[in-house]
Amino acid sequence: MNIDYGEKIPNNVNLADNRVLQRALEQWQPAFLEWWDEMGPDGTRNYDIYLRTAVGVDHKGWAHFDFVKMPEYRWGIFLNPAEPDRRINFGAHKGEPAWQEVPGEHRANLRRLIVTQGDTEPASVEQQRHLGRTAPSLYDLRNLFQVNVEEGRHLWAMVYLLHAYFGRDGREEAEALLERRSGDPDNPRILGAFNERTPDWLAFFMFTYFTDRDGKFQLCSLAESGFDPLARTTRFMLTEEAHHMFVGESGVGRIIARTAEIMARERIDDPAAIRGHGVIDLPTIQRYLNFHFSVTMDLFGADVSSNAATFYSTGLKGRFEETKAVDDHRLTDAAYPVLEVQGDRLVTVDAPALNALNERLRDDFIRDATAGVERWNRILQKQGVAFAFKVPHKAFNRRIGPLSAAKIDLGGHVITDAAWNANVERWLPSESDRAFVASLMGRVVEPGKFANWIAPPPRGINNLPIDHEYIRFN
Ligand code: BYC
């Protein structure tokens, strides 16, 4: 399973043995590089960046660090090794050998899943392309670029599947992945969160904490797929995803730590006074949290979804930790609780478990995401600051699924439009919140220096010191 770096496209799938596929991917490669040039990190062509590149897919090989110019990053195709005699673990085909080729009757759904997953990867690079101009430190700038190149590689992962297994329409989908643009009204990215702006670093850290975590849960579900090449490629992607969530959790944590430090030192808790010290007040951080959490809730799809039921019964997309679940892994007779608006109340009703799989994954996500928010609260407790972040109710501010028809507050109460309008600026970032956060953003790139509004990290990258020169601007 070693990666062949001698090839134009580094890979561990013996690409050289399949000339047709190799040629097709080599034709897509320049289009990808053009897209990277146009939509990737702005103005960075010449930088030498201390990046991690996978040189093997085992635990020793996937993290090799060196200085690289981003356009020369070796994006390639890396799959986890095949498990001998792997079986389909769930759905109507449970127990049958995992598919090594696309099952004809499930082709359209499988392609749709792969395209939807693939579309998020370039979208996030587009959303983050301007952030380099306002990096709070060289350390953070390097982390941003690491996230960006890996999202680029995740696009390669999905494009490989499209080219290798879906023939002409796969190639067309691969082209379309480079044509849609985040936020473009005429040709937007597929899922809502990927058309939102990521205008500042607080938004970036919240995005990598919450939205990349959706990536983790969706990839874990696809890693259970009966279509073995999808399972193997998503398993390898998950090793990279962990770093993105680390960037988010530690980034938000360092912003909170800096604010808490000022609040404790100056003995202040008035947001205006806190802002006067050039740090971000906690209610503003909470509003950003509410926004990114709710936008990410929508990424799990409708609460009751026949698509989700089909993806599962046909063996294409499993549950988070499918094999650990103690049940029949078919779910044809099971139920799962979902929320419904009845009059002016949210009520819990039972839905067929198969149709409620989006909701179940959303609940798995909420447990994981809430645990990290509690870790942020411990930073405040340590400084003796009396404030606690809370994740909103899952029905708050929804735009997808039946809950989107009602206005629902942070605590999960159905409210009137008037009550929503009267409070929305306390719940979601207002124009003036965003303008304040934007006013703090300025480029700090001297090694070891950090913007005033964020604490330094406890340690540097790959055991190097915090003040290491992680990027040479040339
Ligand atoms: N925005 O039946 P439903 C990541 C559409 S993140 C807009 O519930 P389904 C990453 C839906 O398409 C992980 N539209 O849909 C993170 C459907 O449309 P049609 C990405 C939406 O299929 C950070 C209709 O609404 N991976 O990797 O059950 C950086 C009815 O919905 C949205 C995946 O998502 C939305 N949010 O569920 C970089 C995995 N949600 O058919 C990367 C693959 C739903 O009526 N995707 N719609 O026209 C899936 O598993 C499913 O497509 C979804 C949607 C769970 C997303």
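Up top is the structure.
The structure contained in this document is the topic of the report that follows. Predicted model, so just to flag it, every value in this text is computed and none were measured.

## Regarding the overall build of the protein chain
Stage number 1. Summing up its helical and strand segments, the protein chain has twelve helices and seven strands in all.
Stage number 2. For the protein chain, whose C-alpha radius of gyration is 23 Å, the value lies close to the compact-globule estimate of 23 Å for 474 residues.
Stage number 3. Viewed in the frame of its principal axes, the protein chain has a C-alpha envelope of about 65 × 65 × 40 Å.
Stage number 4. In the protein chain, 72% of the contacts between residues at least 6 apart in sequence involve partners at least 24 apart.
Stage number 5. Working note: accessible area of the protein chain is about 19,500 Å², and carbon and sulfur atoms make up 49% of it.
Stage number 6. Between the mean site of the 56 positive side-chain charges and the mean site of the 67 negative ones, the protein chain shows a separation of 2 Å.

## Describing helix α8 (residues 282-298)
Stage number 1. End to end, α8 covers 25 Å across 17 residues, agreeing with the expected 24 Å (1.5 Å per residue, within 8%).
Stage number 2. For α8, a buried count of 16 out of 17 residues is recorded, marking the element as mostly surrounded by other parts of the structure.

## Topic: the site of the ligand
Stage number 1. Of all residues adjacent to the ligand, which total 30 residues, the nearest are Q117, G192, A302, S305 and K317.
Stage number 2. Take N307: an N or O atom from its side chain is 3.2 Å from an oxygen atom of the ligand.
Stage number 3. Contacts to the ligand include K317, whose side-chain N or O atom sits 2.6 Å from an oxygen atom.
Stage number 4. Protein contacts shield 81% of the accessible area of the ligand, which totals 1,000 Å² for the unbound molecule.
Stage number 5. The greatest single-element share of the shell around the ligand, amounting to seven residues, is contributed by helix α2 (residues 107-127).
Stage number 6. Per-class residue counts for the shell around the ligand are eleven nonpolar, twelve polar and seven charged.

## Describing the packing of α2 against helix α3 (residues 138-165)
Stage number 1. Interhelical geometry of α2 versus α3 gives an angle of 155 degrees and a closest axis separation of 8 Å. In terms of orientation, α2 lies roughly antiparallel with respect to α3. With respect to the hand of their crossing, α2 and α3 are arranged in left-handed fashion. Note on element contacts: α3 touches α2 through N148, E151, G152, H154, L155, M158, L161 and L162, opposite R111, I114, V115, Q117, G118, E121, P122, S124 and V125.

## Overview of the packing of aromatic side chains
Stage number 1. In the structure shown here, the tally under the stated rule is 35 aromatic pairs.
Stage number 2. With centroids separated by 5.7 Å and ring planes inclined at 65 degrees, the aromatic side chains of W420 and W427 adopt a geometry described as edge-to-face.
Stage number 3. Pairwise contacts between aromatic rings join Y209, F210, F217, F293, F300, F320, F365 and W376 into one cluster.
Stage number 4. Directly above the aromatic system of Y209 lies the positively charged group of R213, at a separation of 4.2 Å from the ring centroid.
Stage number 5. Its guanidinium or amino end placed over the ring of Y288, R434 lies 5.0 Å from that ring's centre, counting from NZ or CZ.

## Structural notes on the nonpolar core
Stage number 1. Counting 108 residues, the largest nonpolar core has F210 and W376 as its most contacted members.
Stage number 2. Sort the elements by how many residues they give to this core and α3 lands first, with 16 residues.
Stage number 3. Once you skip the residues sitting within four places of it in the chain, F210 turns out to touch L289, H292, F293, T296, F365, A369, V373 and W376.

## Here we look at the environment of C220
Stage number 1. Mapped onto the secondary structure, C220 falls in helix α5 (residues 201-222).
Stage number 2. Setting aside its immediate chain neighbours within four residues, C220 contacts L238, R319 and F320.

## Details of the pattern of salt bridges
Stage number 1. If you walk through the whole model with that rule in mind, you get 39 salt bridges.
Stage number 2. Measuring nitrogen to oxygen at the nearest pair gives 2.9 Å for the salt bridge that ties D37 to R45.
Stage number 3. For R45, a relative accessible area of 52% corresponds to the exposed category.
Stage number 4. Among the charged side chains, a salt-bridge network with shared partners connects D298, D303, E359, R362, D363, K394 and R398.

## Structural notes on the side chain of T134
Stage number 1. Mapped onto the elements, T134 comes out in the loop between α2 and α3.
Stage number 2. A distance of 3.3 Å separates polar atoms of two side chains, one belonging to T134 and the other to W201.
Stage number 3. Residues in contact with T134, not counting those within four places in the same chain, are W201, M441, G442 and R443.

## Structural notes on the pairing of strand β4 (residues 345-352)
Stage number 1. Taken together, the eight bridges between strand β3 (residues 335-342) and β4 define a ladder with antiparallel strand orientation. For P337, the partnering residue across the bridge sits in β4 and is D350.

## Considerations on the packing of α8 against helix α10 (residues 357-382)
Two packed helices can be described by the angle between their axes and the distance between those axes.
Stage number 1. Between α8 and α10, the least distance of the axes is 12 Å, while the angle of their chain directions is 170 degrees. Taken together, α8 and α10 sit at an angle that is classed as roughly antiparallel. Judged by the twist between their axes, the crossing of α8 over α10 is right-handed. When α8 is examined against α10, the residues L282, L289, F293, T296 and M297 are found in contact with a partner set consisting of R362, F365, I366, V373, W376 and L380.
Stage number 2. Along the lines of polarity and charge, the residues of the contact of α8 with α10 split into nine nonpolar, one polar and one charged.

Criteria and thresholds
- Residues numbered from 1 in each chain as written.
- Predicted model: local features only at pLDDT ≥ 70, side-chain atom pairs only at ≥ 80, totals over all residues.
- Heavy atoms only, no water.
- Helix = DSSP H or I, 4+ residues; strand = E, 2+ residues; numbered from the N terminus.
- Rg over C-alpha atoms; globule rule 2.2 N^0.38 Å.
- Contact = heavy atoms within 4.5 Å.
- Areas by Shrake-Rupley, 256 points an atom, 1.4 Å probe, with all protein chains shown as cover.
- Lys, Arg positive; Asp, Glu negative; His and termini not counted.
- Charge placed at Lys NZ, Arg CZ, Asp CG, Glu CD.
- Expected span 1.5 Å × (residues − 1).
- Buried < 20%, exposed > 50% of the residue type's maximum accessible area, 1.4 Å probe, protein only.
- Near = heavy atom within 4 Å.
- Polar contact = N/O pair within 3.5 Å; in protein donor to acceptor, adjacent residues only side chain to side chain.
- Nonpolar A, V, L, I, M, F, W, Y, C, P; charged D, E, K, R; others polar.
- Axes fitted to C-alpha atoms, helices over the stretch in contact; angles between N-to-C directions.
- Parallel < 35°, antiparallel > 145°, perpendicular 65-115°, else oblique.
- Left-handed = near helix turned anticlockwise from the far one by under 90°.
- Phe/Tyr/Trp six-rings, centres within 6.5 Å; stacked < 30°, edge-to-face > 60°.
- Lys NZ or Arg CZ within 6 Å of the ring centre and 35° of its normal.
- Core = buried A, V, L, I, M, F, W, Y, C linked by side-chain atoms within 4.5 Å.
- Salt bridge = Lys/Arg side-chain N within 4 Å of Asp/Glu carboxyl O.
- Pairing = 2+ DSSP bridges.

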